[in-house]
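Inside the fold
Residue strings, one per chain:
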2 protein chains.
Amino acid sequence: MFRARCLLRALRSCSSAPCPRHRPAARVSVRGALGVQSANGERVKVQGWIRSVRSQKEVLFLHVNDGSSLESLQVVADSSFDSRELAFGSSVEVQGQLVKSPSKKQNVELKAEKIEVVGNCDAKAFPFKYKERHPLEYLRQYPHLRCRTNVLGSVLRVRSEATAAIHSFFKDSGFVHIHTPVITSNDCEGAGELFQVEPSSKIKVPEENFFNIPVFLTVSGQLHLEVMSGAFTQVFTFGPTFRAENSQSRRHLAEFYMVEAEISFLESLQDLMQVMESLFKTTAMTVLSNCPKDVELCHKFIAPGQKDRLEHMLKNNFLIISYTEAVEILKQASQNFTFTPEWGADLHTEHEKYLVKHCGDIPVFVINYPLALKPFYMRENEDGPQHTVAAVDLLVPGIGELFGGSLREERYHFLEQRLARLGLTEAYQWYLDLRRFGSVPHGGFGMGFERYLQCILGIDNIKDVIPFPRFTHSCLL
Amino acid sequence: MFRARCLLRALRSCSSAPCPRHRPAARVSVRGALGVQSANGERVKVQGWIRSVRSQKEVLFLHVNDGSSLESLQVVADSSFDSRELAFGSSVEVQGQLVKSPSKKQNVELKAEKIEVVGNCDAKAFPFKYKERHPLEYLRQYPHLRCRTNVLGSVLRVRSEATAAIHSFFKDSGFVHIHTPVITSNDCEGAGELFQVEPSSKIKVPEENFFNIPVFLTVSGQLHLEVMSGAFTQVFTFGPTFRAENSQSRRHLAEFYMVEAEISFLESLQDLMQVMESLFKTTAMTVLSNCPKDVELCHKFIAPGQKDRLEHMLKNNFLIISYTEAVEILKQASQNFTFTPEWGADLHTEHEKYLVKHCGDIPVFVINYPLALKPFYMRENEDGPQHTVAAVDLLVPGIGELFGGSLREERYHFLEQRLARLGLTEAYQWYLDLRRFGSVPHGGFGMGFERYLQCILGIDNIKDVIPFPRFTHSCLL
């Protein structure tokens, strides 16, 4: 572990004096080895899995990958090594000298002195074949092995980088990170698509119910974040959320990740949209800069044209239209929709996709939705005769809705009346309390993290951007 | 939002020329305002909640807090402001000039030009009283409001900093972050204390079971991380885990957070313990350096003496003893234990606490536990007649077990035999697969995040270091 640091230290000491042959080789990652600018015979040890073997008359070429980067390290060995043992998928430890490569394909290669097979790979049973590009649908059958392929390796490294970038974005902007609960007695959206949680039947608890009340898996951390924004002003959460939707679509999962933020003393959708756009762009730029090769692989082999589409999104200001304008645009469209667009009706995916196209494939904020369509906590615009709330959705090319957000109703009496009408006053007394003790105007949003990755990388199916997808009829491992 | 940046920009432009009175005041956080080194009449706007009001003959002192730091900003107003409106708990927006404070208690104060009450606080109903220090048990009754107190504010800011520090620790060491699943069809420990997940009764799914098979909330991400360590070499996860334990103790929650890491090509417990110790110490140092005031509050008012205890832990090398040695120490103890120490029996909390004390209150690794006590995936030491596995627990003062880890059984035939004996071969075929296709020696660990916070801050009850605690008979909000 701590390979990067060890490498640096090892190489520093190597460069000052010639390395004696008996000195123990410094353990380096493939990424570390490939990053050496002017290789000069440093003795190193590399461990990883064989991605390819090519045997020539006098020389043997191996490519060894350890997941630290998309690229593998080329190992050059003389014919004294037995190539039969060195098979695709096997794990190896190679010791040798890092030297400048004569080939243009790489800067450095490893001249092997010792190659040890750590674990063999049963090639007949291994579901991935050497030099074959397997479709993503095929890989999905092997959730325990697919991360060893180039594509899933790249996607998951990007996912890791994006996760770090999102944490940094909020930290740098002064937000406090909050772990909102997974198990909750609340039902944020008033939706019915919940998972219920109970102790497994193996357990005997004296009471009928472990928590005394019915509890569910969270559909959003928003209400809990609102609690925290009343203390820390700016807060965010980044965790799993759940929907028991009976959907097999390429856009839905039963378990997915949401990035949610809540901001106190925020009075306009304009200010909220600025944070949303900034989060989208800053994270994308960080990912593009930190793992260009991984992004390039997706843009090249999975989604040709996505590179340009992404650049187009990043260099343009996102657009803003009102829901009312959106409905007008849809009504005037020459396209026939399955659901006829009409003021007061929900926007469907077909509508969202049309709107984005209409806006020149630039992400577009749709604001001020009909009050009747939205949950109780959204702030009333006090307009009419068609009443709206200060809600905002961000629609993006290829995906549709990526963010949802709103100003929250901070006025006690407005909220009290809406809750009373819904018969929820008692259940949400604690939420009303937040408006009784130093209430402030505030707003927030949630971004679907998997959809964000789909949007950046151009991956069509949401099941391919999460390590272990859970959806109707499927919970492998 | 982006207050820190805005402040810097605003102040830079302010310092170059005298600020005209009509210029709009720059919005700054309390932390930002307090950080200004030489205040010189900069016009700013601060928003937050009133923590105290003190009215003198000609002048009014307010303390305004926005959660960006433990400290509040002192606002000085002349008697023309109506102090009746300015009550404890109310939210306010104050505009004025940042000036050097004549008092030694703070560097700067805000000379108010305009104070606007944003939201009143119903003082009679508000459960926290001005100038009163409420016990943590009392605060626990108000999960929606307790974050507004000094103690919970500090604890949750520390939690946020520690979260960021842990992400940085792993990123800097080359680990890939993995979101291991919450819903799983696995039962990692073979333990019975699971929560089961089903669609809420409101939903009608054609099939009896949403996922076709029984599914549970995860008790550990380890097995899923092992999948990923076979591709990325070094991986970590940091997410919620669950136990349906019927426990009301100060050390257990039904929902808590675990930091877990898995490392390929790792061959000794020594190397694993080095990462564990480094994670413990690096994170603590970062927290101490980034939020000294928050830590100080806990050490001063909640856990006197904890400052010294923590320093003692950080400056000493952690100790290592074997399970067999531990049992010998316990047998020779003059103390009477509820559970008689004996080779082959589990170590209980009373034993763990004795061992730590015996080791001079330095965290101690206990290694090589009896095979029969540990799960199937731990690596056999091939010793005897008393068979052990390469397991390690880290015991820390005041808490007991903080980390648990092991080398994993990477040898196909050893693992196959153990699974066969347990009748688990079929269920864990995928796990066996990982040993069939390029197996490597590897190991990993998990750290209870809440226990870690308890250990750093000296907080006695685990319910006080998590935003929304869930435990038997309690799932508030």
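Residues numbered from 1 in each chain as written. Chains lettered and ligands numbered in written order. Predicted model: local features only at pLDDT ≥ 70, side-chain atom pairs only at ≥ 80, totals over all residues. Heavy atoms only, no water.

Looking at an unreviewed UniProt entry, one finds chain A named Asparaginyl-tRNA synthetase and attributed to Moschus moschiferus. Chain A has a UniProt comment under Function (unreviewed entry) that states "Mitochondrial aminoacyl-tRNA synthetase that catalyzes the specific attachment of the asparagine amino acid (aa) to the homologous transfer RNA (tRNA), further participating in protein synthesis. The reaction occurs in a two steps: asparagine is first activated by ATP to form Asn-AMP and then transferred to the acceptor end of tRNA(Asn)." Quoted verbatim from the Sequence similarities (unreviewed entry) field of the UniProt record, the comment on chain A reads "Belongs to the class-II aminoacyl-tRNA synthetase family." (UniProt positions renumbered as here; feature names shortened; annotations may be inferred.)

The next point concerns the nonpolar core. Grouped together as the largest cluster of nonpolar side chains are 111 residues, with contacts concentrated most on Phe170 and Phe280 of chain B. When sequence neighbours within four positions are dropped, the list of residues in contact with Phe280 of chain B reads Met313, Leu314, Phe318, Val396, Leu402, Phe403, Tyr452 and Cys455 of chain B. In this structure, Phe238, Leu266 and Leu310 of chain A together with Val366 of chain B belong to the second largest nonpolar core, which totals 110 residues. (Core = buried A, V, L, I, M, F, W, Y, C linked by side-chain atoms within 4.5 Å. Buried < 20%, exposed > 50% of the residue type's maximum accessible area, 1.4 Å probe, protein only. Contact = heavy atoms within 4.5 Å.)

A few words now on the relation of the copies chain B and chain A. Two copies of the chain are present, and they differ by a rotation about an axis and a shift along that axis. If you rotate chain B by 180 degrees and push it 0.0 Å along the axis, it lands on chain A with an RMSD of 0.0 Å. Viewed as a symmetry operation, the transformation between the two copies matches a two-fold axis. Measuring from the rotation axis to each C-alpha of chain B, the shortest distance belongs to Val197 of chain B, at 2.4 Å. Looking at the interface residues of chain B, 100% of them are also at the interface in chain A, so both copies use one shared face. (Least-squares fit on C-alpha atoms with pLDDT ≥ 70 in both.)

Attention now moves to the pattern of salt bridges. Tallying each qualifying case throughout the model produces 36 salt bridges over all chains. A salt bridge links Glu277 of chain A to Lys281 of chain A; the shortest N-O distance between them is 2.8 Å. You can see Glu277 of chain A and its partner Lys281 of chain A sitting in helix 6 (residues 269–290), four residues apart, about one turn around the helix. Across the pair, exposure class does not vary: Glu277 of chain A and Lys281 of chain A are buried alike. One salt bridge in this structure joins Asp393 of chain B and Lys374 of chain B, with 3.9 Å as the shortest N-O distance. In this pair, Asp393 of chain B sits in strand 15 (residues 388–396) while Lys374 of chain B sits in the loop between strand 14 (364–370) and strand 15, placing the two residues 19 residues apart along the sequence. For Lys374 of chain B, a relative accessible area of 18% gives the class buried. (Salt bridge = Lys/Arg side-chain N within 4 Å of Asp/Glu carboxyl O. Helix = DSSP H or I, 4+ residues; strand = E, 2+ residues; numbered from the N terminus.)

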